[in-house]
Amino acid sequence: MLNRLTIGELTARLARREVSAREAAAACLAHSSRVDSAVRAFLHQDPDRVLAAAEAADQELARGVTHAEKPLLGVPLALKDVIAVRGQPLTCASKILANFISPYDATVVARLKAAGAVLLGRLNMDEFAMGSSTENSAFGPTRNPWDTTRTPGGSSGGSAAAVASNQCVAALGSDTGGSVRQPASFCGVVGLKPTYGRVSRYGLVAYASSLDQIGPMTKDVQDAAILLRVIGGHDPLDSTSLPEPSPEIPRLDGDIRGLKLGLPKEYGVGGLDPEVKAAVDAAIQTLSRLGAEVVEISLPHTEYAIAAYYIIAPAEASANLARFDGVRYGLRVDGADPVEMYSRTRGAGFGAEVKRRIILGTYVLSSGYYDAYYLRAQKVRALIRRDFLRAFEKVDAIVTPTAPTAAYRLGEKADDPLQMYLGDIFTVSCNLAGICGLSVPCGFTAAPRLPIGLQLLGPPLGEATILRLAHAYEQATDWHREQSPLG
Ligand code: GLN
């Protein structure tokens, strides 16, 4: 069951030459062919190419290349279909890019390849990363490996489901308002959203450029630290990339004594499921037993976060998606003149949620409404960031639920966009503030048995602190060892 291993476990066995990269990749592919008709995490796989890449990794291992030189040598990973890999499909789960092949590698992909990773294929998502359930994919929803009548979360639902069903060793997703952390929570895996600017966005198809970050989705906390180390660090190809080098893997020794944890008093909102609340409360007690000091803090502008996010994100999306015009990329539906061609192409190519956001975003940016909506939302955003920076003067990290509920049924919220948006209450502030956050498994609901996630938020460039806290918590609990029925 090599596909069940973590990056840490697999690289140790590869280094000892107990197993080969080819065997590891073949185990993932074989498991996919057994379970993915039920999960539908992958949009594209090319087994011959995967096995060839794995054999190349084996040759390097045979030549004595070490994991100190190439930390992911021989490790099978899979990517959300919004991250460009040269020569592979890049659909963003949209009809408008259904036949598009990427001509270049994203910076994170260049770094994964340089680190020796074997790329397994393309993972399903909400179209252009807009959604929280993967039901907005033009190619059909992904299902939660813990209960296939339920959503895996979104928008990186394919990534979370692929990791939770052990079809890959780890994956990358992208997080604009929670799309790495919330599906990680729904599927019982670890998901990390780095500080804005920590990981290059070059080659990540833009949804909302001031919020988007690529992040690791893994089976344990150490793997998230390993992946962040590989993909992070300054990139001259992304003008918003921070100058800092990639973070070292922090000392994950379980010692969190003396760290201060903030509990925001505004986060006890209505709509928080009692089982989620109980699991998160118990996790906070565990962290405090391990030596963290828990104090109450205030993030007074929390109640405006969803409203600000659902103005700013669609505004940026409406601008970013203007490039899909039937000329430069992907689908074209001809018309009598260029304007008709443009509107027919976009009418046929984009799904309902993407159109809703383009309309919303265009509206809030239009001259009569810019001041009332967009400008005001930007001011609220600045206040939300200030709330966090003030809180981080007093505490090292902040602890919350990742999502107000466990995974809901497919179709349960699909026709009610507002209900879907409200589920993002605990995750969007992190992106608006540009700070870092992660979700780590912290329990299960009783019946049906579904994973629950704990969110840890850290200050700008504070990944080491939240990784240390999450790792100490993980070592003190067994949640991450549980396997989904399709794992
Ligand atoms: N659910 C949020 C949205 O629909 C977040 C999506 C994301 O992080 N990509 O915009």
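For the structure, check the block above.
Source: prediction; values computed, not measured. (Residues numbered from 1 in each chain as written. Predicted model: local features only at pLDDT ≥ 70, side-chain atom pairs only at ≥ 80, totals over all residues. Heavy atoms only, no water.)

Caption draft 1: Representation of the sheet that holds strand 6 (residues 213-218) in the model. Taken in spatial order, the 11 strands of this open sheet run 1-3-2-4-6-5-10-11-9-7-8, and their pairing is mixed. A strand with exactly one partner marks an edge of an open sheet, and here the two such strands are strand 1 (42-45) and strand 8 (293-297). When the angles between neighbouring strand axes are averaged without regard to direction, this sheet yields 30°. Inspection of the sheet shows strand 4 (residues 170-175) paired to strand 6 by 5 bridges, in the antiparallel sense. From the neighbouring strand, serine 174 faces strand 6, where its bridge partner is isoleucine 214. Docked against the sheet, helix 12 (residues 370-394) engages strand 7 (260-264), strand 8, strand 9 (397-401) and strand 11 (451-458), running at close to 115° with respect to strand 9. Packed onto the sheet, helix 15 (residues 463-476) meets strand 5 (190-193), strand 7, strand 9, strand 10 (436-444) and strand 11 and runs at close to 10° relative to strand 10. (Pairing = 2+ DSSP bridges. Helix = DSSP H or I, 4+ residues; strand = E, 2+ residues; numbered from the N terminus. Axes fitted to C-alpha atoms, helices over the stretch in contact; angles between N-to-C directions. Contact = heavy atoms within 4.5 Å.)

Caption draft 2: Broad picture of the site of the ligand. Every one of the 15 residues lining the ligand counts as a neighbour, but Thr176, Gly177, Ser179, Tyr207 and Tyr309 are closest to it. At 2.6 Å, a side-chain N or O of serine 179 approaches an oxygen atom of the ligand. Bound to the protein, the ligand loses 99% of the 290 Å² it would expose on its own. Per-class residue counts for the shell around the ligand are 5 nonpolar, 7 polar and 3 charged. (Near = heavy atom within 4 Å. Polar contact = N/O pair within 3.5 Å; in protein donor to acceptor, adjacent residues only side chain to side chain. Areas by Shrake-Rupley, 256 points an atom, 1.4 Å probe, with all protein chains shown as cover. Nonpolar A, V, L, I, M, F, W, Y, C, P; charged D, E, K, R; others polar.)

Caption draft 3: The nonpolar core, seen in detail. Ranked by size, the top nonpolar core spans 151 residues in total, and within it Leu72, Leu77, Ile83, Leu112, Phe128 and Phe388 carry the most contacts. If one sorts the elements of this core by residue count, helix 9 (residues 305-320) sits on top with 10 residues. Excluding anything up to four places from it in sequence, phenylalanine 388 contacts Tyr267, Leu299, Ile398, Ser429, Ala433, Ile435 and Leu457. The next biggest cluster of nonpolar side chains, apart from the first, holds 5 residues, and it includes Phe186, Ala403, Tyr408 and Met420. (Core = buried A, V, L, I, M, F, W, Y, C linked by side-chain atoms within 4.5 Å. Buried < 20%, exposed > 50% of the residue type's maximum accessible area, 1.4 Å probe, protein only.)

Caption draft 4: Summary view of the side chain of threonine 142. As for its position among the elements, threonine 142 is in the loop between strand 3 (118-123) and helix 5 (157-164). Within the structure, the side chain of threonine 142 is placed 2.7 Å from the backbone oxygen of arginine 40, a separation counted as a polar contact. Of the polar contacts made by the side chain of threonine 142, one reaches the side chain of asparagine 124; its length is 3.0 Å. Excluding residues that lie within four positions of it along the chain, threonine 142 makes contacts with Val39, Arg40, Ala41, Asn124, Thr134, Pro152, Gly157, Gly158, Ala161 and Leu410.

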